[in-house]
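Observations on the three-dimensional arrangement
Here's the letter readout for the chains.
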Amino acid sequence: MLRSVFTKPEKWKVFRKRFFNEVDYIVINSIPLVAFLSVFMGAVISLQTASNMSSPLLPEYTIGYITRQSTILEFSPTIISLIIAGKVGSNIASEIGTMRVTEQIDALEIMGVNSIGYLMLPKILATMIFFPFVVVVSMTLSLIGGWIAGVQSGLYTTETYVLGIQAFWYEDADGLYYALTKTVVFAFLLTAIPSYYGYYTRGGALEVGRSSTKAVVASSVAILLANYVLTQLILI
Amino acid sequence: MVEIININKSFSGTQVLYDVSAKFEPGKMNLIIGASGQGKSVTAKCIVGLHEVDSGQVLYDGRDFSAMNRKQRTEIRKEIGMLFQGSALFDSLTVIENVMFPLRMFTNKTEEEMRERAAFCLNRVNIIGKDNLLPAECSGGMQKRIGIARAIAMNPKYLFCDEPNSGLDPKTSIVIDNLIRELTYEYKMTTIVITHDMNSVMEVGDHIIFINQGRKAWEGSNKEIIRTENEEVISFVYASSFMKNLREKLINS
């Protein structure tokens, strides 16, 4: 199946149009949800860190530092990918599954169109290329959320929070590459798996619903497993 | 001409087609008829390559489709138009975009030329002024006609229609049958229609293949089917007492 996905498209003009439609549908449409989640999750991470830091030996800027590390290494790439897998995965599986049961995929095949490539490649590439930008937006907003929450509640000052965010960056900058590498892999998983489940749907409306559920579960599990493997390979 | 020679097909060890052979000539309405689950749709899907045959040959004007690779098949498929049972129009595209779709994928026509051709095809099937509707906003009969317009957009040599009358009232069914027949005669296409609609059989069946239990049980025309003594055909075509009486009257007259 993967060979068919990455086959040269029949018409580049059609592919380009579909690609940008998918960028809009999968990536741009996810930004409001990602922004909302990121601000609040960043706020909660910093508040929880602050509330658990009772030792006077730990400097106050540690709160900003921990918020930054949690956000960049885990929250933004992994949790946001899991949430998007739920939102986008069910959409993709039900869209392609419905096309299958209503013979639209057969119609593509009869015309001589490589249906797998036509349907899946724009989704997969659009997500792999542009989803990392969404994750960077998430990281930024999460840090802003942490700053607003902490300063608002008087737990730390802007200066100490910013100092924490900047702390040891020269040593930890690789974490950003690790996070973005993970994101590209997760982007592939959260589009390819639902596409597969949708494409191989057989039956009617009930099976489309089942495929959609299976797709979300399978892509979430795959993201968690990939997260473990990538962490082991890159960080350790 | 499309020819199938001794095609066999099985699914998970259960054989559904046994040595089916037939010739479908251009400019004729070729009908494959049979009861549900007897193998007529599988036969059609084997001909168009949606199912691979286990053995046997499918020839398009002498070109062995069953032995071709994907790229070679794509070339043949550009000469095929297909009308699906549920029309299979693309939900997210408007009526005119659906008809333009094959042109967009496989020709180098300009946007204007494609629109012109699509408008011509839609005109030909009597869909006028509905260009910007979505398929969901069209009736069943309209969807079938749009499906036909899309199928003929590339000037196909071969036209396949999978149960074109399913879900339609008798009057609309006749309109669709006549439209397919007109287009077949006009463009000299090799048309193969899968149906179990007896109105279609009697009205437009120039050449009929009857499939029963995965085997070709009878072959003839709509005139011959009235007088056939084949028990399997009689029990399928004249299933009701009304049709039996009608047959007797026709033979006696």
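Scroll up to find the structure.
Read on for a plain summary of the structure. Position labels on residues start from 1 in each chain and follow its written sequence. The order in which chains are written sets their letters, starting at A; the order in which ligands are written sets their numbers, starting at 1. Reporting in this predicted model follows two pLDDT cut-offs: at least 70 for local features of residues, and 80 or more for side-chain atom pairs to be given and counted; totals over whole chains, interfaces and linings ignore these cut-offs and use all residues.

1. Regarding the overall build of chain A
What counts, and what does not: Numbering of helices and strands runs from the N terminus, with a helix taken as a DSSP run of H or I at least four residues long and a strand as a DSSP run of E at least two residues long. Residues with at least 20 neighbouring C-beta atoms inside 10 Å of their own are called buried, those with 12 or fewer are called exposed, and the rest are partly exposed, where every C-beta is derived from the backbone. We call two residues in contact when their backbone-placed C-beta atoms lie within 7 Å.
Counting its regular elements, chain A contains 10 helices and 0 strands. Sequence-ordered secondary structure for chain A, helices as α and strands as β, is α-α-α-α-α-α-α-α-α-α. Overall, the C-alpha framework of chain A stretches about 70 × 35 × 30 Å when taken along its three principal axes. Each of the 236 residues in chain A was classed as buried or not, and the buried ones make up 45%. Taking contacts inside chain A between residues at least 6 apart in sequence as the whole, the part at least 24 apart equals 87%.

2. Details of the overall build of chain B
We count it as follows: It is over C-alpha atoms that the radius of gyration is taken, and the globule rule equals 2.2 Å times the number of residues to the power 0.38.
Within chain B, the regular secondary structure consists of 10 helices and 10 strands. In terms of C-alpha radius of gyration, chain B reaches 19 Å, essentially the compact-globule figure of 18 Å for 253 residues. Projected onto its principal axes, the C-alpha coordinates of chain B cover approximately 55 × 40 × 30 Å. Residues counted as buried form 42% of the 253 residues belonging to chain B. Here the analysis covers contacts within chain B between residues at least 6 apart in sequence; of these, 65% occur between residues at least 24 apart.

3. Points about the interface of chain B and chain A
Chain B puts 15 residues into the contact, and the matching count from chain A is 13 residues. Listed by contribution, the elements that provide at least two residues to the side of chain B that touches chain A are helix H2 (70–77), strand E6 (80–83) and helix H3 (95–106) of chain B. Per element, the largest residue contribution to the side of chain B that touches chain A is 4 residues, and it comes from H3(B).

4. Structural notes on helix H10 (residues 241–252) of chain B
Operational definition: Here, expected helix span is obtained from the residue count minus one, scaled by 1.5 Å.
Relative to the 16 Å expected for 12 residues at 1.5 Å per residue, H10(B) spans 16 Å between its end C-alpha atoms, a close match to the ideal helical length. Judged by how many residues are buried, H10(B) sits mostly at the surface: 0 of 12 residues are covered.

5. Structural notes on the pairing of strand E3 (residues 28–33) of chain B
Residue and element names in this part refer to chain B. To be explicit about the condition: At least two bridges found by DSSP between two strands are what make those strands a pair.
Taken across its 6 residues, E3 has 6 buried, putting it largely inside the fold. Alternating residues of E3 divide into Lys28, Asn30 and Ile32 and Met29, Leu31 and Ile33, and every residue in both groups is buried. The sheet contact formed by E3 and strand E8 (residues 190–195) spans 6 bridges and is parallel. Bridge pairing in E8 links Leu31 to Val193. With 4 bridges connecting them, E3 and strand E9 (residues 207–212) associate as parallel partners.

6. Re the sheet that holds strand E2 (residues 14–24) of chain B
Residue and element names in this part refer to chain B. Short version of the rule: Axes here refer to lines fitted to C-alpha atoms; in helices the fit is confined to the stretch in contact. Angles between the N-to-C directions go from 0 to 180 degrees.
On the basis of which strands lie adjacent, the open sheet formed by 4 strands has the order E2-E1-E4-E5 and antiparallel pairing. Edge strands, defined here as strands with exactly one partner in the open sheet, are E2 and strand E5 (63–64). Here strand E1 (residues 2–11) pairs with E2 via 7 bridges, running antiparallel. When the bridges of E2 are listed, Ser10 appears paired with Gln15. Strands E1, E2 and strand E4 (55–60) of the sheet are contacted by helix H1 (residues 40–48), whose axis makes an angle of about 115° with E1.

7. Focus: unusual backbone geometry
Peptide bonds are trans in most cases, and residues, glycine excluded, mostly fall at negative phi. Residues and elements named next belong to chain B. Even without being glycine, Asp61 reaches a positive phi, approximately 45°. If you trace the backbone, Asp61 turns up in the loop between E4 and E5. Phi angles above zero are rare outside glycine, and Ser87 is one such case at about 75°. With respect to the helices and strands, the residue Ser87 is situated in the loop between E6 and H3.

8. Some points on the packing of helix H4 (residues 62–101) of chain A against helix H7 (residues 158–166) of chain A
The relative placement of two packed helices is expressed as an angle between their axes plus a distance between the axes. All names here are of chain A. Selection rule: We call two directions roughly parallel when the angle between them is under 35 degrees, roughly antiparallel when it is over 145, roughly perpendicular when it lies between 65 and 115, and oblique otherwise. Left-handed describes a crossing whose near helix is turned anticlockwise from the far helix through less than a right angle; right-handed describes the clockwise counterpart. Here the term charged refers only to Asp, Glu, Lys and Arg, the term nonpolar to Ala, Val, Leu, Ile, Met, Phe, Trp, Tyr, Cys and Pro, and the term polar to all other amino acids, Gly among them.
Following both chains from N to C, one finds H4 and H7 inclined at 45°, their axes separated by 6 Å at the closest point. Regarding the angle of H4 to H7, the classification is oblique. As for the relative orientation of H4 and H7, their crossing is right-handed in sense. When H4 is examined against H7, the residues Thr62, Ile63, Gly64, Tyr65 and Arg68 are found in contact with a partner set consisting of Thr160, Tyr161, Val162, Leu163, Gly164 and Ile165. Taken together, the residues of the contact of H4 with H7 break down into 6 nonpolar, 4 polar and 1 charged.

9. Description of the sheet that holds strand E10 (residues 215–220) of chain B
All names here are of chain B. Spatial strand order, E6-E7-E8-E3-E9-E10: 6 strands in an open sheet with mixed pairing. Both edges of this open sheet fall to E6 and E10, since each of them pairs with a single strand only. For this sheet, the mean angle separating the axes of adjacent strands, direction not counted, is 20°. Where E6 and strand E7 (residues 158–162) come together, 4 bridges link them in parallel fashion. Within E7, the position partnered with Met82 by the bridge is Phe160. Against the sheet, H1 contacts E3, E6, E7, E8 and E9, and its axis sits at roughly 150° relative to E8.

10. Structural notes on the environment of B:Lys244
Here B:Lys244 lies in helix H10. Along the backbone, B:Lys244 and B:Ile234 are 10 residues apart, and their C-alpha atoms lie at a distance of 8.4 Å.

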